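Listed here are the chains, written in short residue letters.
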Amino acid sequence: MSPKSHGMEVRIKFIDQLLAFHGQATRADLVRFFGVGTATASRAFSEYRRRYPGNIAYEIADRNYRAASTFIPAFEHDVHSALLLLAYGKDVRNVGAPLWSPPEIEQLTAPLSPESIAPLTRALVAGLASEIEYASASSGVASRQVQPHAIFVAGGAWYLRAYDSIRADFRSFRLSRVISAQAASVGFPEGLADMDASWNTTITLTLAPHPYHPNPESLRRDLGLTDKPVKNVSVPQALAGFTLIDLRVDSSTSGCLDPQQYPLRLMNRHELDDVASLKISPGWSG
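Along each chain, the written sequence defines residue order, and numbers are assigned to residues from 1. Restriction of local features to residues with pLDDT of at least 70 applies here, the model being predicted, together with a cutoff of 80 or more for giving and counting side-chain atom pairs; totals for whole chains, interfaces and linings are based on all residues. Only hydrogens and water are set aside; all other atoms, that is, all heavy atoms of the structure, feed into the side-chain values.

Peer 1: So what exactly am I meant to see when it comes to the sheet that holds strand S12 (residues 264-266) here?
Peer 2: Backbone-to-backbone hydrogen bonds pair the strands of a sheet. The strands run either parallel or antiparallel. Read from one edge of the open sheet, four strands run S10-S9-S12-S11, paired in mixed fashion. The open sheet terminates on both sides in strands that have one partner only, identified here as strand S10 (231-236) and strand S11 (249-250). As judged from the two bridges shared by S11 and S12, these two strands associate in the parallel manner. Its bridge partner lying in S12, Val249 is registered against Leu264. In what follows, a contact means two residues having at least one pair of non-hydrogen atoms within 4.5 Å. Axis lines are fitted to C-alpha atoms, over the contacting stretch for helices. Their N-to-C directions set the angle, which ranges from 0 to 180 degrees. Here a helix means four or more residues in a row that DSSP labels H or I, a strand means two or more in a row labelled E, and each is numbered from the N terminus. Strands strand S9 (202-209), S10 and S12 of the sheet are contacted by helix H7 (residues 216-223), whose axis makes an angle of about 145° with S9. Pairing between strands is defined by DSSP: at least two bridges between the two strands are required.

Shown next, in the form of structure tokens:
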């Protein structure tokens, strides 16, 4: 395959990914992602429409291509890569360069199913509600009606931030527990995401080397502390507990966790007693 043909194939697959996980695609997406001209992007869309006419529709009003009601992905897509692009604007590509690391350790989390995740991400982009079948760790399998407004990764797992109509509150749903998803028959009010106070309120986590660690100076170097005793980290309230887990921070009142396993200590715990997400942080009940 010539470089020109290969480039076309890569762009066509990318269009398919956008339609699958975003529900829409534009020439500007291809221009921005591949650094190609508008004419090249237009040719890619024309070729995609020629090959898969039942997958794509053009909306004249907003000059967007959208996934048709008969859309079926023409390619297999890596869900993790698709979510990274949607959540953080990051692209993951294997360029075949020499590797200087051991093979990646297999993640314990089960692979995410495109069939269950793509309807949720399309609802997120479109600002629509979704009906999901969800396996909760506390209440088991049940149907939920949710309005998603963000996705994020924490501890190697992907989560959906959404309004849960049953609990009439915002929750973080682990995507590996979503059994199925489809468009909901009803919608939610516009601007619902603005009502997620825990997501939109930023708090400060004050971190320091664990005082019981045998070599606190090494931890100070890890944190980049030269002339300050602590490191302040600003995070949304909803992500505070996840952040402390990822950073292995002892969040107990007495600093009772093993400093070798939890080399950092949360120094302003007394200011954060009312932050709900901190209940999952290491040692919070201690």
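From this point, the narrative continues.
Peer 1: Would you take a moment to explain the packing of helix H2 (residues 27-34) against helix H3 (residues 38-51) for this structure?
Peer 2: Packed helices, taken two at a time, are described by their axes: the angle between them and the distance between them. Here H2 crosses H3 at 120°, and the two axes come no closer than 9 Å. Relative to H3, the element H2 is oriented oblique. In this structure, H2 meets H3 at a crossing whose hand is right-handed. For the pair formed by H2 and H3, the contact residues are Arg27, Leu30 and Val31 on the first element and Thr38, Ala41, Ser42, Ala44 and Phe45 on the second. Here roughly perpendicular refers to angles of 65 to 115 degrees, roughly parallel to angles under 35, roughly antiparallel to angles over 145, and oblique to all remaining angles. In a left-handed crossing the near helix is turned counterclockwise from the far helix by less than a right angle, and in a right-handed crossing that turn is clockwise.

Peer 1: Even after reading the chapter, I still don't get unusual backbone geometry, so can you show me in this structure?
Peer 2: Most peptide bonds adopt trans geometry, and most residues besides glycine take a negative phi value. Positive phi values are uncommon outside glycine, yet Arg63 reaches one of about 55°. Burial here depends on accessible area, computed with a 1.4 Å probe over protein chains only, as a share of the maximum for the residue type. Under 20% is buried, over 50% is exposed, and the range in between is partly exposed. Residue Arg63 is classed as exposed on the basis of its relative accessible area of 63%. Phi is positive for Arg248, which is not a glycine, with a value near 55°. With respect to the helices and strands, the residue Arg248 is situated in the loop between helix H8 (240-246) and S11.

Peer 1: Before we go on, may I ask you to explain the sheet that holds strand S7 (residues 169-174) in this structure?
Peer 2: Spatially, five strands are ordered S7-S6-S5-S4-S8 in an open sheet, and the strand pairing comes out antiparallel. Pairing within the sheet leaves two strands with one partner each, and these edge strands are S7 and strand S8 (178-183). Geometrically, the sheet is characterised by an average inter-axis angle of 45° between neighbouring strands, direction not taken into account. In the sheet, strand S4 (residues 130-136) pairs with S8 via five bridges, with the strands oriented antiparallel. What sits directly across from Glu131, in S8, is Gln182.

Peer 1: Looking at this structure, I do not really get the packing of aromatic side chains. What am I missing?
Peer 2: Describing an aromatic ring pair means giving the distance of the ring centres and the angle of the ring planes. Here a Phe, Tyr or Trp ring, Trp counted by its six-membered ring, pairs with any other such ring whose centre lies within 6.5 Å, and the pair is stacked when the planes are under 30 degrees apart, edge-to-face when over 60, and tilted otherwise. As enumerated under the stated definition, the model contains 14 aromatic pairs in all. What links up through ring pairs into an aromatic cluster is the set Phe152, Tyr159, Trp199 and Phe242. The rule for a charge over a ring is simple: NZ of Lys or CZ of Arg within 6 Å of the ring centre, and within 35 degrees of the ring normal. The positively charged end of Lys90 is found above the aromatic ring belonging to Tyr88, 5.9 Å away from the centroid. One residue, Arg269, lies across the ring of Trp284, its end atom 3.9 Å from the ring centre.

Peer 1: What should I look at first to understand the pattern of salt bridges in this one?
Peer 2: Side chains that differ in charge, positive against negative, can pair when their charged atoms come close. One side-chain nitrogen of Lys or Arg within 4 Å of one carboxyl oxygen of Asp or Glu is enough to make a salt bridge. Evaluated as defined, the whole model comprises ten salt bridges. Between Glu47 and Arg51 there is a salt bridge, and its shortest N-O distance comes to 2.9 Å. Here Arg51 and Glu47 lie together in helix H3, a separation of four residues that amounts to about one turn. The residue Asp169 makes a salt bridge to Arg171 at a minimum N-O spacing of 3.1 Å. Assessed through its relative accessible area of 34%, Asp169 is described here as partly exposed. Residue classification places Arg171 among the partly exposed residues on the basis of a relative accessible area of 30%. Taken together, the shared-partner salt bridges in this structure form one network comprising Glu9, Glu47, Arg50 and Arg51.

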